[in-house]
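Observations on chain architecture
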Amino acid sequence: SMAKMQVTLLQKMEELTQGLLPRLYSISSRLLSKEKLIAVGGTLLTLFLAYLFQFLMTRMLSVGQYGDLSILISATLVATVPIASISSAITREVAKLDAQKKEGRINFLLHKYLVPASLFGLLGALGFAVAAQFLYSSDTLKFSAVLIALSIPLNYAVGVINGYVQGREKINVFVAGSLS
């Protein structure tokens, strides 16, 4: 009787295992789709590059200059905050229009926001770069300020484009834009 129960138990376990493996494979293939792997890889690459930047800057700059660079980066982040709300609004509208198959309205929306956002970012970048020339005495920081300022209009343009591609659910393009 005990041997019969063991055989029955082993048969049941085998049946469960045979059904479980295909289900686990199906779940893992959905969880680890190509797009999600690209998104995770892109995020890891961005984090690594940010770490590398911080590592290099701590060795190249004095303590005071590194503090000034941190303020510069913080000011850039504050300058790019508005694009997050614009990007969210664009994502919502593009998704709604995409569901309604209104291609012309989507293109109109993209052009409507892309040019003004880029111009607004460009004006902010110019102001930022000019102000930095008066605020910092170090040539390294002045040059860094100009480079960082150039990222502001790019962030605004990429924010609009990211809103568009998120609304259209094109994750590969979204990740490529996020890396810039």
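Quick note: structure is the one above.
Residues numbered from 1 in each chain as written. Predicted model: local features only at pLDDT ≥ 70, side-chain atom pairs only at ≥ 80, totals over all residues. Heavy atoms only, no water.

Moving on: the overall build of the protein chain. Of regular secondary structure, the protein chain possesses 7 helices and 0 strands. Put simply, the protein chain runs from its N terminus to its C terminus through helices and strands in the order α-α-α-α-α-α-α. Across the 180 residues that make up the protein chain, the buried fraction comes to 26%. Of the roughly 12300 Å² of accessible surface on the protein chain, 71% is carried by carbon and sulfur atoms. (Helix = DSSP H or I, 4+ residues; strand = E, 2+ residues; numbered from the N terminus. Buried < 20%, exposed > 50% of the residue type's maximum accessible area, 1.4 Å probe, protein only. Areas by Shrake-Rupley, 256 points an atom, 1.4 Å probe, with all protein chains shown as cover.)

Here we take up the environment of S87. If you trace the backbone, S87 turns up in helix α4 (residues 81-99). Every residue in contact with S87, bar those within four places of it in the chain, is listed here: G159, N162, G163 and Q166. At a separation of 3.0 Å, a polar atom in the side chain of S87 contacts the main-chain carbonyl oxygen of G159. (Contact = heavy atoms within 4.5 Å. Polar contact = N/O pair within 3.5 Å; in protein donor to acceptor, adjacent residues only side chain to side chain.)

Attention now moves to the nonpolar core. In terms of nonpolar packing, the biggest core is built from 26 residues, with L69, L72, V94, F128, V160 and Y164 touching the most fellow members. Secondary-structure elements contributing two or more residues to this core are α3 (63-79), α4, α5 (103-135) and α6 (139-167). Ranked by residues supplied to this core, first place goes to α6 with 9 residues. (Core = buried A, V, L, I, M, F, W, Y, C linked by side-chain atoms within 4.5 Å.)

Its identity is not glycine, yet K101 carries a phi of approximately 60°, on the positive side. Mapped onto the elements, K101 comes out in the loop between α4 and α5. Exposure remark for K101: the relative accessible area of 70% places this residue in the exposed category.

Counted according to the given criterion, the structure contains 1 aromatic pair. With a centroid separation of 6.3 Å and 25° between ring planes, the pair formed by Y51 and F55 is classed as stacked. Of this pair, Y51 and F55 are both found in helix α2 (residues 34-60), 4 residues apart, which corresponds to roughly one turn of the helix. By relative accessible area, Y51 is classed as exposed at 56%. The ring of F55 has R59 lying over it, and the distance from NZ or CZ to the ring centre is 3.8 Å. (Phe/Tyr/Trp six-rings, centres within 6.5 Å; stacked < 30°, edge-to-face > 60°. Lys NZ or Arg CZ within 6 Å of the ring centre and 35° of its normal.)

Right, let's get into the packing of α4 against α6. Interhelical geometry of α4 versus α6 gives an angle of 30° and a closest axis separation of 7 Å. One finds that α4 runs roughly parallel with respect to α6. At the point where α4 passes α6, the crossing takes the right-handed sense. Two secondary-structure elements touch here, α4 through P82, I83, S87, I90, T91, V94, A95 and D98 and α6 through N155, Y156, G159, V160, N162, G163, Y164, Q166 and G167. (Axes fitted to C-alpha atoms, helices over the stretch in contact; angles between N-to-C directions. Parallel < 35°, antiparallel > 145°, perpendicular 65-115°, else oblique. Left-handed = near helix turned anticlockwise from the far one by under 90°.)

Further remarks concern the side chain of T91. Here T91 lies in helix α4. Classification of T91 as buried rests on a relative accessible area of 19%. Among the polar contacts made by the side chain of T91, one reaches the main-chain carbonyl oxygen of G163 at a distance of 3.2 Å. A polar side-chain atom of T91 sits 3.3 Å from a polar atom in the side chain of Q166. Setting aside residues up to four positions removed in sequence, T91 forms contacts with N162, G163, Q166 and G167.

Coordinates in, geometry out; function isn't part of it.
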